[in-house]
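What follows is the residue order along each chain.
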Amino acid sequence: MSGAPVGGAELWGLPQFIIDIFLVTGFAMILLTCMIGQLATQVNASHCMLDYINTYFAVFTFYTAMAI
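Residues numbered from 1 in each chain as written. Predicted model: local features only at pLDDT ≥ 70, side-chain atom pairs only at ≥ 80, totals over all residues. Heavy atoms only, no water.

(A) Local environment of a nonpolar patch on the surface. A cluster of nonpolar side chains, Phe17, Ile21, Phe22, Phe27, Ile30, Leu31 and Met35, forms an exposed patch at the surface whose accessible area comes to about 680 Å². For the nonpolar patch, the secondary-structure elements that each account for two or more residues are helix 1 (16-24) and helix 2 (27-47). It is helix 2 that contributes the most residues to the nonpolar patch, four residues altogether. With respect to the helices and strands, Phe27 occurs in helix 2. Accessibility expressed as a relative area gives 37% for Phe27, which makes it partly exposed. (Patch = residues over 30% accessible without salt bridge, like charges linked within 9 Å, V, L, I, M, F, W, Y side chains within 5 Å. Areas by Shrake-Rupley, 256 points an atom, 1.4 Å probe, with all protein chains shown as cover. Salt bridge = Lys/Arg side-chain N within 4 Å of Asp/Glu carboxyl O. Helix = DSSP H or I, 4+ residues; strand = E, 2+ residues; numbered from the N terminus. Buried < 20%, exposed > 50% of the residue type's maximum accessible area, 1.4 Å probe, protein only.)

(B) Focus on the confidence of the model for the protein. Summary statistics for the protein give a mean pLDDT of 79 and a share of 84% for residues scoring 70 or more. The secondary structure element of the protein with the lowest average pLDDT is helix 1, at 80, and the one with the highest is helix 3 (residues 56-67), at 87. (pLDDT = per-residue confidence, 0-100.)

(C) Focus on the packing of aromatic side chains. For the coordinates displayed, the defined rule picks out one aromatic pair. Aromatic side chains Phe62 and Tyr63 sit 5.8 Å apart centroid to centroid with 50° between the ring planes, which places their arrangement in the tilted category. Accessibility expressed as a relative area gives 38% for Phe62, which makes it partly exposed. Judged by relative accessible area, Tyr63 falls into the exposed class, the value being 55%. (Phe/Tyr/Trp six-rings, centres within 6.5 Å; stacked < 30°, edge-to-face > 60°.)

Right under this line is the structure:
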């Protein structure tokens, strides 16, 4: 399995139940995938923050969303 730990691996002296939760179940890979997947959208949103409100339709859509 991709990202699976090697059998008998020790991680910085952490207790076994923490290693089981994060590494054996795959929870750490889920968190990594979510963080990397959201990074691109956050960078795009920070660069194009006001570029999409340059038309009257976009302003109408924005005000409608704010009213809801």
